[in-house]
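Topology and contacts: notes
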2 protein chains.
Amino acid sequence: MIAVSEKNAPSTKNCPHNAAINCASCRLSAICLPLALAQDEIVQLDEIVQRGRPLQKGQHLYREGDTFTSIYAVRSGSVKAYSVSDSGEEQVTGFYLPGEILGMDGIGHNRYASSAVAMEVAAICEIPFANIEDLSGKLPNMQKHFFKLLSQEIVEDQQHITLVSKHTAEERIASLLVSISARNARRNLSPLSFRLPMSRTDIGNFLGLTIETVSRVFSRFAKQGLLEIDKKEVTVLDIDTLKRVASLGH
Amino acid sequence: MIAVSEKNAPSTKNCPHNAAINCASCRLSAICLPLALAQDEIVQLDEIVQRGRPLQKGQHLYREGDTFTSIYAVRSGSVKAYSVSDSGEEQVTGFYLPGEILGMDGIGHNRYASSAVAMEVAAICEIPFANIEDLSGKLPNMQKHFFKLLSQEIVEDQQHITLVSKHTAEERIASLLVSISARNARRNLSPLSFRLPMSRTDIGNFLGLTIETVSRVFSRFAKQGLLEIDKKEVTVLDIDTLKRVASLGH
DNA sequence: CGTTCCCTTGAACAGGGTCAATCAGCGTGG
DNA sequence: CCACGCTGATTGACCCTGTTCAAGGGAACG
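Note that the coordinates shown come from a computational prediction; the quantities given were computed from them, not determined experimentally. Numbers given to residues run from 1 along each chain, matching the order in which its sequence is written. Whichever chain is written first is A, and whichever ligand is written first is 1; the rest continue in order. Only residues with pLDDT of at least 70 get local features here, since the model is predicted, and only at 80 or more are side-chain atom pairs given and counted; chain-wide, interface and lining totals rely on the full set of residues. As a rule here, side-chain values come from all non-hydrogen atoms in the structure, and water together with hydrogens is ignored.

1. So, the interface of chain A and chain B
We apply this condition: Whether two residues are in contact is decided by their heavy atoms, any of which lying within 4.5 Å being enough. By definition, a salt bridge exists where a carboxyl oxygen of Asp or Glu is found within 4 Å of a side-chain nitrogen of Lys or Arg. For this analysis, a polar contact is any N or O atom pair within 3.5 Å, provided that within protein one partner can donate a hydrogen and the other can accept it, and provided that sequence-adjacent residues contribute only side-chain to side-chain pairs. The way it works is that DSSP assigns letters per residue, a run of H or I at least four long becomes a helix, a run of E at least two long becomes a strand, and they are numbered from the N terminus. Asp, Glu, Lys and Arg are counted as charged, while Ala, Val, Leu, Ile, Met, Phe, Trp, Tyr, Cys and Pro are counted as nonpolar; the rest, among them Gly, fall into the polar class.
Contacts between the two partners involve 43 residues from chain A, matched on the other side by 43 residues from chain B. Taken together, the connections running from chain A to chain B amount to two salt bridges. Glu 133 of chain A is the salt-bridge partner of Lys 144 of chain B, the closest N and O atoms lying 3.2 Å from each other. There are 20 residue pairs in polar contact (both at pLDDT 80 or more) connecting chain A and chain B. Among the elements of the structure, β4 (90-96), α2 (129-138) and α3 (140-166) of chain A are those that each provide at least two residues to the side of chain A that touches chain B. The element that contributes the greatest number of residues to the side of chain A that touches chain B is α3 of chain A, accounting for 19 residues. Tallied by class, residues from the side of chain A that touches chain B come to twelve nonpolar, 22 polar and nine charged.

If you want it as structure tokens, here you go:
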């Protein structure tokens, strides 16, 4: 039932010494799905998680319209989700970093509402949704956690609506940078020096801006001494001002 | 346990002849919560629904930051949800018509992420979330339905992001009109002649436009013969063109 | 009957889009 | 090895959509 693609684990799935081969020992457990579960519950979650699905850059995890089967957790690398409207225009709906869950937009209509593609080499955990439903019926913690996850995504999407409908280009970009910085911090990475996994085009699409505007704002921020940016490599020099700009009234 | 505020129902809550006092006989049941439930399951849902909470225009159902306790279904009238950011700006996050569910943004952090206020006299069903979690643990249909509800709201929010970040003023307003028209049709009301329950200010805020632009676009649509509009009363004259404008590539 | 709220309309302005040119990296193939 | 084309990013000049500012109308309500 478990599709583990590891060679160096002749023992079994629950050996806590084999890092990253089960949830309990995964260094992301504190920010990923196991977050709300008790030890013995994590073991049950572990039973249904399918690991070892390394995607190359540009490979799709699923495509809009595919039958919904599973949700996914990013273990390493990064993933972009996007949907294409009837009229052919693309909308980037989210960037997913390690420890983050995607695919939940497929629950509603049994088909994914977006496509998910690796922005760089990425390891992914797959969790079949039927098993999650099953487990949620048995473990109240699991059910509660999933309700929360879904609800939080709603709140985040609504904040994003505010961002793109009421804020200036500078505020939107500052906001994205602050978000990525904070998410890096959660994973104990540097919040001030990191690599943007996505292209300018993706950033612009996500924020409702053109690529030119994105480029101009980055240049302006650099000129103002808020950050240094070389292609995708970012060094934040003045996080406070950046945060202030990100949450500017209007 | 049930807070029914009816006087003409001396019998009991499950009498199917007493319209609108239980879910099974409510004329909205086909589009509201009972939608996915079997007859005997609706009875169980009915047990936890609290009815008779008529709100006057301007009265709040809950406020941003309040402890999350319940989700709500609109029985009649209409409700607007909005949130206020740190910086004090308001964002209308949704309009809710009869048969629609609101309050689910509170699940994630045990506090409502938005405020909900009646845009006109409105009857509301309250469903304590603890009971829903309970029922969801027992009825797989209920759990599934709730996962779906939450997921669908995510998808709708993401479509709204596309709307406000990539579409013109005319497209946004056409889109809102088509949406309201369709939701009216679902309730067997006229899709071509209806009253907008919300103000121009609310429409503009919801769509990321100023009140002036909203007004101008309405005038333009009227001049083009797409609709007639007198204050809040709308008569759609050319729904096809309106739909075409609403889903215009960009 | 005056005040207020909501809406409409006009005129001027500006933020970001569009179009275009340039450049840097990078893999390919001659 | 270098020429070539391709993709992604940067920068400039101009323009357009929607905002801002301002004025005025009309319905509701005390």
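2. A look at the protein's contact with DNA strand D
For clarity, the threshold we go by: We call a residue near a molecule or strand whenever a single non-hydrogen atom of that residue lies within 4 Å of it.
As a structural note, the neighbourhood of DNA strand D is formed by 17 residues, with Arg 200, Ser 215 and Ser 219 of chain A together with Ala 169 and Thr 213 of chain B the closest of them. In the interface set of DNA strand D, defined as its atoms within 4 Å of the protein, sugar plus phosphate atoms amount to 63%. Within the side chain of Ser 219 of chain A, one N or O atom sits 2.3 Å away from a phosphate oxygen of DNA strand D. Within the side chain of Glu 212 of chain B, one N or O atom sits 3.1 Å away from a base nitrogen of DNA strand D. Only α5 (200-207) and α6 (211-223) of chain A together with α6 (211-223) of chain B provide two or more residues apiece to the surface near DNA strand D. Ranked by residue count, the leading element in the surface near DNA strand D is α6 of chain A, at four residues. Among the residues making up the surface near DNA strand D, the classes are represented as two nonpolar, nine polar and six charged.

3. Some points on the sheet that holds strand β5 (residues 101-102) of chain B
Residue and element names in this part refer to chain B. Rules: Pairing between strands is defined by DSSP: at least two bridges between them are needed.
Strand order across the open sheet formed by three strands is β5-β2-β7, with antiparallel pairing between neighbours. The two strands at the open ends of the sheet, each matched to only one other strand, are β5 and β7 (123-128). The pairing of strand β2 (residues 70-76) with β5 spans two bridges and is classified as antiparallel. Along β5, the bridge assignment pairs Tyr 72 with Leu 102.

4. Some points on the pattern of salt bridges
Any two side chains of opposite charge can pair, given that their charged atoms come close. All names here are of chain A. Keep this limit in mind: Relative accessibility decides the category of a residue: with a 1.4 Å probe and only protein chains considered, values under 20% of the type maximum give buried, values over 50% give exposed, and everything between is partly exposed.
Following the criterion strictly, the structure yields twelve salt bridges over all chains and no others. For Asp 134, the salt bridge goes to Lys 138, with nearest N and O atoms at 3.7 Å. Residue Asp 134 and its partner Lys 138 are located together in helix α2, separated by four residues, close to a single helical turn. Under the relative-accessibility criterion, Asp 134 is labelled partly exposed at 47%.

5. Some thoughts on the side chain of Gln 143 of chain A
Structurally, the position occupied by Gln 143 of chain A is in helix α3. Those residues in contact with Gln 143 of chain A that lie beyond four places of it in its chain are Ser 136 of chain A together with Glu 133, Ser 136, Gly 137 and Gln 143 of chain B.

6. Thoughts on the confidence of the model for chain A
Residues and elements named next belong to chain A. Test applied: What pLDDT expresses is the predictor's confidence in each residue, scored from 0 to 100.
Confidence in the prediction for chain A averages 89 pLDDT; 91% of positions are at 70 or higher. Element-level pLDDT for chain A is lowest in helix α1 (residues 39-48), with a mean of 89, against a maximum mean of 97 in α5. When the criterion is pLDDT under 50, residues 1-19 qualifies, and its contacts beyond four places in sequence or with other chains add up to 28 contacts.

7. Topic: the relation of the copies chain A and chain B
The relation between the two chain copies is a rotation about an axis coupled with a shift along that axis. Note the following rule: What sets the superposition is a least-squares fit of C-alpha atoms, and only residues with pLDDT of at least 70 in both copies go into it.
By a simple turn and slide, chain A fits onto chain B: the slide is 0.0 Å along the axis, the RMSD is 0.0 Å, and the turn is 180°. Taken together, the rotation angle and the small translation identify this as a two-fold axis. Comparing contact sets, 100% of the residues at the interface of chain A also lie at the interface in chain B, consistent with an isologous, same-surface contact.

8. What about the pairing of strand β6 (residues 115-118) of chain B?
Residue and element names in this part refer to chain B. Of the two faces of β6, the one carrying Ser 115 and Val 117 and the one carrying Ala 116 and Ala 118 are both buried. Relative to β6, strand β3 (residues 79-84) is paired through four bridges, and the arrangement is antiparallel. Counterpart to Ala 81 in the pairing with β6 is Ala 116.

9. Section: the packing of α2 of chain A against α3 of chain A
For any two helices packed against each other, the geometry is given by the interaxial angle and the distance between the axes. Residues and elements named next belong to chain A. Applicable threshold: A fitted line through C-alpha atoms represents every axis, and for helices the fit uses only the stretch in contact; the resulting angles, taken between N-to-C directions, go from 0 to 180 degrees. Relative orientations are named as follows: roughly parallel for angles under 35 degrees, roughly antiparallel for angles over 145 degrees, roughly perpendicular for angles from 65 to 115 degrees, and oblique for any other angle.
α3 packs onto α2 with a crossing angle of 120° between their chain directions and a minimal axis gap of 5 Å. Viewed along their axes, α2 and α3 adopt a mutual orientation that is oblique. For the pair formed by α2 and α3, the contact residues are Phe 129, Ile 132, Leu 135, Ser 136 and Lys 138 on the first element and Pro 140, Met 142, Gln 143 and Phe 146 on the second.

10. Observations regarding the protein's contact with DNA strand C
Surrounding DNA strand C, one finds 17 residues, the nearest of these being Ala 169 and Thr 213 of chain A together with Arg 200, Ser 215 and Ser 219 of chain B. Note that a phosphate oxygen of DNA strand C is positioned 2.7 Å from one of the backbone N or O atoms of Ala 169 of chain A. Arg 216 of chain A places a side-chain nitrogen or oxygen 2.8 Å from a base oxygen of DNA strand C. It is α6 of chain B that contributes the most residues to the surface near DNA strand C, four residues altogether. Split by residue class, the surface near DNA strand C holds two nonpolar, nine polar and six charged.

11. So, the pairing of β2 of chain B
Residues and elements named next belong to chain B. By the criterion of burial, β2 is predominantly enclosed, with six of the seven residues buried. Both β2 and β7 contribute to a ladder of six bridges, which runs antiparallel. Bridging across to β7, Tyr 72 finds its partner in Glu 126.

12. A closer look at the sheet that holds β6 of chain B
All names here are of chain B. Taken in spatial order, the four strands of this open sheet run β1-β6-β3-β4, and their pairing is antiparallel. Two strands lie at the open edges of the sheet, namely β1 (60-62) and β4 (90-96), each paired on one side alone. Going across the sheet, the axis of each strand differs from the next one's by a mean of 30°, ignoring polarity. In this sheet, β4 lies alongside β3 in antiparallel orientation, the contact comprising six bridges.

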